[in-house]
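Reading the structure
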Protein chains: 4
Amino acid sequence: MIHETNYSIRTFHTDGFGHVNNSRHLELLEEARWQYAESIGLVSKLAERNLGFIIVDLRIRFRIPVFEGEQVKVTTCLKTLGSASGEVEQLMYKNDESKVALKSLFHFVLIDRDSGDSIPIDGGIRELLTGVIEL
Amino acid sequence: MIHETNYSIRTFHTDGFGHVNNSRHLELLEEARWQYAESIGLVSKLAERNLGFIIVDLRIRFRIPVFEGEQVKVTTCLKTLGSASGEVEQLMYKNDESKVALKSLFHFVLIDRDSGDSIPIDGGIRELLTGVIEL
Amino acid sequence: MIHETNYSIRTFHTDGFGHVNNSRHLELLEEARWQYAESIGLVSKLAERNLGFIIVDLRIRFRIPVFEGEQVKVTTCLKTLGSASGEVEQLMYKNDESKVALKSLFHFVLIDRDSGDSIPIDGGIRELLTGVIEL
Amino acid sequence: MIHETNYSIRTFHTDGFGHVNNSRHLELLEEARWQYAESIGLVSKLAERNLGFIIVDLRIRFRIPVFEGEQVKVTTCLKTLGSASGEVEQLMYKNDESKVALKSLFHFVLIDRDSGDSIPIDGGIRELLTGVIEL
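Anyway, here's the lowdown on the structure attached to this text. All values reported here derive from a predicted model rather than from experimental measurement. (Residues numbered from 1 in each chain as written. Chains lettered and ligands numbered in written order. Predicted model: local features only at pLDDT ≥ 70, side-chain atom pairs only at ≥ 80, totals over all residues. Heavy atoms only, no water.)

Topic: the interface of chain C and chain B
Note the threshold: Contacts were defined at the residue level, with two residues in contact if any of their heavy atoms lie within 4.5 Å. Buried area: the sum, over both parts, of the accessible surface (1.4 Å probe) that disappears when the two are put together. A pairing counts as a salt bridge when a side-chain nitrogen of Lys or Arg comes within 4 Å of a carboxyl oxygen of Asp or Glu.
Taken together, the contact between chain C and chain B spans 23 residues of the former and 23 residues of the latter. Between chain C and chain B, a total of about 2,000 Å² is buried, with carbon and sulfur atoms accounting for 53% of that surface. Interface area lost by chain C to chain B is led by Phe17(C), Asn22(C) and Leu58(C), which between them contribute 27%. The tally of links between chain C and chain B comes to four salt bridges. For Asp57(B), the salt bridge goes to Arg59(C), with nearest N and O atoms at 3.2 Å.

Digging into the interface of chain D and chain A
Stated formally: Two N or O atoms count as a polar contact when they lie within 3.5 Å, although within protein this holds only if one can serve as hydrogen donor and the other as acceptor, and sequence-adjacent residues are included solely when both atoms are side-chain atoms. A run of H or I in DSSP becomes a helix once it reaches four residues, and a run of E becomes a strand once it reaches two; helices and strands are each numbered from the N terminus.
The partner chain A presents 23 residues to the 23 residues of chain D that form the contact. Between chain D and chain A, roughly 2,000 Å² of surface is buried when both sides are summed, and carbon and sulfur atoms account for 53% of that area. Sorting the residues of chain D by area buried against chain A places Phe17(D), Asn22(D) and Leu58(D) first, and these three jointly supply 27% of that buried surface. In this structure, the connection of chain D to chain A is made through four salt bridges. Where chain D packs against chain A, one counts 12 residue pairs in polar contact (both at pLDDT 80 or more). Of all elements in the fold, only helix H1 (22-39) and strand S2 (51-62) of chain D reach the threshold of two or more residues within the side of chain D that touches chain A. The greatest single-element share of the side of chain D that touches chain A, amounting to 11 residues, is contributed by S2(D).

Side note on the relation of the copies chain C and chain B
Threshold: Only residues with pLDDT of at least 70 in both copies contribute their C-alpha atoms to the least-squares superposition of the copies.
Mapping chain C onto chain B is achieved by rotating through 180° and translating by 0.0 Å along the same axis, at an RMSD of 0.0 Å. Taken together, the rotation angle and the small translation identify this as a two-fold axis.

Describing the packing of helix H1 (residues 22-39) of chain B against helix H1 (residues 22-39) of chain C
Operational definition: Fitted lines through C-alpha atoms give the axes, limited to the stretch in contact for helices. The angle between two N-to-C directions lies from 0 to 180 degrees. Roughly parallel means an angle under 35 degrees; roughly antiparallel, over 145; roughly perpendicular, 65 to 115; everything else is oblique. Under the scheme applied here, ten amino acids are nonpolar (Ala, Val, Leu, Ile, Met, Phe, Trp, Tyr, Cys and Pro), four are charged (Asp, Glu, Lys and Arg), and all others, including Gly, are polar.
For the pair H1(B) and H1(C), interaxial distance at closest approach is 8 Å and the crossing angle is 175°. Here H1(C) runs roughly antiparallel to H1(B), going by the angle between their axes. Facing Asn22(B), Ser23(B), Leu26(B), Glu27(B), Glu30(B) and Arg33(B) of H1(B), the residues of H1(C) in contact are Asn22(C), Ser23(C), Leu26(C), Glu27(C), Glu30(C) and Arg33(C). Considered class by class, the residues forming the contact of H1(B) with H1(C) number two nonpolar, four polar and six charged.

Observations concerning the pattern of salt bridges
As a reminder of what qualifies: Accessibility here uses a 1.4 Å probe with only protein chains present; expressed as a share of the type maximum, an area under 20% marks a residue as buried, one over 50% as exposed, and anything in between as partly exposed.
This structure, assessed with the given rule, holds 38 salt bridges over all chains. When the shortest N-O distance is used, the salt bridge between Arg10(A) and Glu31(C) registers 3.0 Å. Of this pair, Arg10(A) sits in the loop between strand S1 (3-8) and helix H1 (22-39) while Glu31(C) sits in helix H1, on two different chains. For Arg10(A), a relative accessible area of 4% puts it in the buried group. A salt bridge links Lys94(D) to Glu70(D); the nearest nitrogen and oxygen atoms lie 2.9 Å apart. With Lys94(D) in strand S4 (residues 85-94) and Glu70(D) in the loop between S2 and strand S3 (71-81), the pair connects residues that are 24 residues apart, well separated along the chain. Here the salt bridges share partners, and the residues they tie into one network are Arg24(A), Glu27(A), Arg24(C) and Glu27(C).

Details of the environment of Glu38(C)
Within the fold, Glu38(C) resides in helix H1. Contact partners of Glu38(C), with chain neighbours within four places excluded, come to Ser8(A), Arg10(A) and Val43(C).

Set out below in structure tokens:
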């Protein structure tokens, strides 16, 4: 399953170079991951058990800059799932040009939000994620 | 007592208009309030009792825009102190021009960070703040 | 005309106090103003003439904190329109409780984005704004 | 040459998980790169020719979370320099524990800020960077 999130790039999303800065890109990608998680029913499942996914490794390749006024689409999908971790791939496309603006990979682990400890991905959460992996 | 914090304005501090955006200004002002609080020994006093100051009202007047490459100075001072609240005034100056870029007033209350409830400003914290008010 | 923008508050929107910080609130309010501007056809009209609205004064009163997982609604409306400036009022409501989380007023001016100079609000832009004022 | 930048982690640097979020980390790393660039005289050299370095690829490995109240040190150094690009390595250490919190690598290119085009790293800029590479 590949989820899509659309953004209109505003003046405040861009920096003095006129394009979207890398830390802002991370926020757009994070919001897209939340919308993906919500769409598959994951957010409520995590909240029930007070769990959370945190990022332990990330990589972004910026291919072309993104400017104010542009419409972009972020695709989000789960690529791998291990016993306690997994990887989400996200691409950003410019709608008008069908061009890839960036490619990113986020390696995550599941934690207990009280202790902060990493825990196995099991039960209903594993079932849910297994069903949406996009190889 | 008036505290001073200096910043060099970077490309990433500015937005597509070429100037520092209002939400970024709030971050620069917040960091300056923390440096002020640290300089008077307030941060450790708050941590001891798990208390925190939160903003309940803020006002900012932007007089002239701040651009990439500029050096600015933020002055921070406590203007009023009530039983459970107070006001901090912060101005941002451009160093080169001795011009005021913005004037701001933050109304704060003290809260217990566990309960989130507002509590009286008393004991060592009141003593400390009374000593630094700048009328 | 009153425009509505809805947000789901994410973990990354909140700070170490567990609530949405003031600089993040400003970003949520700014995005809501852009969606409002887009909905009335203002964004393209500004782009045609390379104009932009910038904030010269803002005030926010925070009534109740906003937490992770909450659904909020931001209302945006134009309250006053002068020859070269105007005021936008924005409120944030918590959907579940029908409670006002914050009330804000933004005083704006129109600028030429090349020169940075303030210019009169006239022509098609005045016409458009006059039609949507909410007294 | 290895440059060091120190930060006190504030409440507003952390998110609802209680730790510094990845987009905020990118801002702390970016400010550290600017301080490095300033310390070697690079910022003025770039401004003279209206050039800028932009990030085309980044990778961050988060080893341990960073919490409010912690003191951290960011080390920044230039690792490689090609004809039109190079790599900067940045590590973040927790001061109290001498532990590495994150390791990152930023691949950059030089651009002309007017055209946005990538250009060769030559002249005084190459000379300057060649002198500070840390193999």
